[in-house]
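Commentary on secondary and tertiary structure
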Amino acid sequence: MNFRKPKGTKDILPKDIHKWHYVESVIREVTALFNFSEVRTPTFEYTELFNRGVGSETDIVGKEMYTFLDKSGDSITLRPEGTAPVMRAFLENSMLSDSPLHKLYYFTNMFRYERPQAGRYREHTQFGGEILGSDSFYTDVELILLAKEVYNRCGISNFKVKINSIGKPDERSAYIAKLKDYLKDNLNDLSEDSKRRFETNALRILDSKNPGDRSITDSAPKILDHLGAESKARFDKVINELTKLSVNIEVDFRLVRGLDYYTDTTFEFVSEDLGSQDALGGGGRYDGLIAQLGGKSCPGVGFGSGIERILIVAEKNGFTFGEAAKPLVYFISLNDAARDKAFELIAQLRRKNIPCETDLLNRSFKAQMRDANKLGVKYVYILGEDEIKKGIGQLKNMSDSSQTEVEFNKLAESLA
RNA sequence: GUGAGCGUAGUUCAGUUGGUUAGAACAUCAGAUUGUGGCUCUGAGGGUCGGGGGUUCGAAUCCCCUCGCUCACCCCA
């Protein structure tokens, strides 16, 4: 065993691929129901896009990006997240001049250099949605409903939506000042990580998992009490609407999220069936991002959701993802002439969309039967010396073992 | 980047206080008299015991180093 896959990557093998197909088809179905259009952007972008769009102080940009110089010396980065590339495409293609509102989704792989653990990979897959052009609170709600519908159709109902508002930038910086003022007195009792965060990003101290940090922040000032009237009213509308629609929400003052571009609403879908990385997906508003990337001011909201994590939770729930595709008929040939005829008949059936298989290893009758049984085909069509002579094959039903003679040219209709 | 746990056939695991050719189950393949699957029975193939070094007459077993995997921190999907 000389070659190994790179750390944090995975092979998706044939026995599991139907699960991926299933989830992907659910996503295509649900996004169509919500009238979202797919956008596909390059696997890599110029590094500067993420520095500017995601924020150079974030962990994603600061230490998790796959960045390299290409042969011309340009700095290239494998996309670590979905929103910045979509915004870039949105601006570069002047989409706003086609229409004042865009509802976009993506389904693609992401790359982050991290230590792998349960539900966390260096290459993972996300689907995400973005609504651009409207600051209506209904857009926040619509995205949450979109994700919820996808989860539900994948057999996942045991999750909750943590939700919070981090307000407008000026409200947030005023709040951070108050928070730091409160934490100043407890600075020595905070964890090392949080002491560092106190300088770099004090808001992040709120979502520390350290029990000591949490007991200190339990009684810290809450951002929801420091929002302006407009932000507060907006947040209340989102909460009311979600409650009215029976979404299982939980207001969580600790939910600040790690990306710099968020404003107002932030949310996260969490499941107890995941390990320590308990988020199925997350997102929020980013009303300032487009302007920050050089466009004219345009409101936006988006979320991303991990496909691998959907799969983990769905499987823990015993969800079956439908059935793996399998052939309807297995052709068994007992000599070379039969084999030749089988190939001809198979070609005809496949043209009529009937999935067929046959033995390609020149195996014995018994071995071919075993193979057919293992594949789980419904029928076996047996061709031997007599059958070739008469133009009639033996069609055997594998579930009840009944067997009837079917002429070569009647085979397609008896399988229909 | 930090910490902990674990590495024996394809898979899940046994392997006695260090002692001969390292085992089982499942999986794979092949047989069980004429051209018929599942169940059963029989047999076969498959292992640098993660790798390297050391201790010893002798190491899967003890020691050191190293690599890999897993989980957790960090962070996030």
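It should be emphasised that the depicted structure is a prediction, and the values quoted were computed from it without experimental measurement.

A common way to state how big an interface is: give the accessible area lost once the parts meet. Each assigned domain of chain A is listed here: domain 1 (14–167 + 227–316) and domain 2 (329–415). Each of domain 1 and domain 2 has a C-alpha centre, and the two are 50 Å apart.

Once that is clear, we can look at the pattern of salt bridges. Using the criterion set out here, one finds 34 salt bridges in the structure. Of the charged contacts in the structure, one is a salt bridge between glutamate 241 and lysine 244, with a shortest N-O distance of 3.4 Å. Residue glutamate 241 and its partner lysine 244 are located together in helix α9 (residues 229–244), separated by three residues, close to a single helical turn. By relative accessible area, which is 12% here, glutamate 241 ends up buried.

Okay, the protein's contact with RNA strand B next. Taken together, 49 residues are adjacent to RNA strand B, and Arg120, Arg197, Arg204, Ser276 and Ser401 come closest. The sugar and phosphate moieties of RNA strand B supply 53% of its atoms located within 4 Å of the protein. Here glutamine 277 contributes a side-chain N or O atom positioned 2.9 Å from a base nitrogen of RNA strand B. Separating a sugar or linking oxygen of RNA strand B from a side-chain N or O atom of arginine 309 is a distance of 2.5 Å. Every element with two or more residues in the surface near RNA strand B is listed here: α3 (59–63), β6 (123–132), α7 (192–200), β10 (279–285), β11 (300–306), α13 (365–375), α14 (385–390) and β15 (392–397). Classifying every residue of the surface near RNA strand B by side-chain character gives ten nonpolar, 16 polar and 23 charged.

We now examine the nonpolar core. Core analysis: the largest hydrophobic core is formed by 81 residues, its most contacted members being Phe269, Leu280 and Ile310. Of all the elements, helix α5 (residues 137–153) adds the most residues to this core, at eight residues. Excluding residues within four positions of it along the chain, isoleucine 310 makes contact with Val23, Phe127, Tyr151, Cys154, Ile156, Leu280 and Ser305.

Take α13 next. Every buried residue of α13 is listed here: Ala367, Gln368, Asp371 and Ala372. Axial view of α13: buried residues confined to an arc of 140 degrees, hence all on one face. Those residues of α13 that are exposed and aimed more than 90 degrees away from the buried face are Lys366, Arg370, Asn373 and Lys374. Where α13 is buried, its residues contact β12 (329–333), α12 (336–351) and β14 (379–383).

A word on the environment of serine 219. Relative to the assigned elements, serine 219 resides in the loop between α8 (211–218) and α9. C-alpha of serine 219 to C-alpha of isoleucine 382: the two residues are 163 residues apart in sequence and 77 Å apart in space. Within the local environment of serine 219, its side chain forms a polar contact with the side chain of tyrosine 182, the two groups lying 3.1 Å apart.

What follows deals with the packing of α5 against α9. Two elements in contact, α5 and α9, have axes whose closest approach is 9 Å; the angle formed by their N-to-C orientations is 40 degrees. The angle between the axes of α5 and α9 places the two elements in the oblique class. The two elements α5 and α9 meet at a crossing, and its hand is right-handed. Contacts from Phe137, Tyr138, Asp140, Val141 and Ile144 in α5 reach Arg234, Lys237, Val238, Glu241 and Leu242 in α9. Here the residues of the contact of α5 with α9 sort into six nonpolar, no polar and four charged.

This next bit is on the environment of alanine 412. Its location among the elements puts alanine 412 in helix α15 (residues 411–415). When the C-alpha atoms of alanine 412 and leucine 349 are compared, they prove to be 6.3 Å apart, with 63 residues separating the residues in sequence.

We now examine α8. Within α8, the full set of buried residues consists of Asp213, Ile216 and Thr217. Take α8 and look down its axis: the buried residues cluster within an arc of 90 degrees, on one side only. Tucked inside the fold, the buried residues of α8 contact α6 (169–184) and α7. Of the residues flanking the start of α8, the one acting as N-cap is asparagine 210, its side-chain oxygen 2.8 Å from the backbone nitrogen of glycine 212.

Structurally, the position occupied by glycine 62 is in helix α3. The exposure class assigned to glycine 62 is exposed, which follows from its relative accessible area of 55%. Sequence-wise, glycine 62 and asparagine 51 are eleven residues apart; in three dimensions their C-alpha atoms are separated by 8.7 Å.

Right, let's talk about the sheet that holds strand β7 (residues 159–165) for a bit. Spatially, eight strands are ordered β1-β5-β6-β11-β10-β9-β7-β8 in an open sheet, and the strand pairing comes out mixed. The open sheet has two edge strands, β1 (37–38) and β8 (249–251), and neither has a second partner. In terms of strand pairing, β1 meets strand β5 (residues 102–111) through two bridges, oriented parallel. When the bridges of β5 are listed, glutamate 38 appears paired with tyrosine 105. Across the sheet, helix α1 (residues 14–33) is in contact with β1, β5 and β6; its angle to β5 comes to roughly 160 degrees.

As a further point, take the pairing of β10. If a strand is regular, its side chains alternate between the two faces of the sheet. Counting buried positions over the seven residues of β10 gives seven, a clear majority of the element. Sheet topology note: the strand β9 (residues 263–271)/β10 ladder contains six bridges and is antiparallel. Bridging from a neighbouring strand, threonine 266 pairs with glycine 284 of β10. In terms of strand pairing, β10 meets β11 through five bridges, oriented antiparallel. Bridge pairing links glycine 282 to glycine 304 in β11.

What counts, and where the lines are drawn
Residues numbered from 1 in each chain as written. Chains lettered and ligands numbered in written order. Predicted model: local features only at pLDDT ≥ 70, side-chain atom pairs only at ≥ 80, totals over all residues. Heavy atoms only, no water. Domains from an automatic or database assignment. Salt bridge = Lys/Arg side-chain N within 4 Å of Asp/Glu carboxyl O. Helix = DSSP H or I, 4+ residues; strand = E, 2+ residues; numbered from the N terminus. Buried < 20%, exposed > 50% of the residue type's maximum accessible area, 1.4 Å probe, protein only. Near = heavy atom within 4 Å. Polar contact = N/O pair within 3.5 Å; in protein donor to acceptor, adjacent residues only side chain to side chain. Nonpolar A, V, L, I, M, F, W, Y, C, P; charged D, E, K, R; others polar. Core = buried A, V, L, I, M, F, W, Y, C linked by side-chain atoms within 4.5 Å. Contact = heavy atoms within 4.5 Å. Arc of directions from axis to C-beta. Axes fitted to C-alpha atoms, helices over the stretch in contact; angles between N-to-C directions. Parallel < 35°, antiparallel > 145°, perpendicular 65-115°, else oblique. Left-handed = near helix turned anticlockwise from the far one by under 90°. Pairing = 2+ DSSP bridges.

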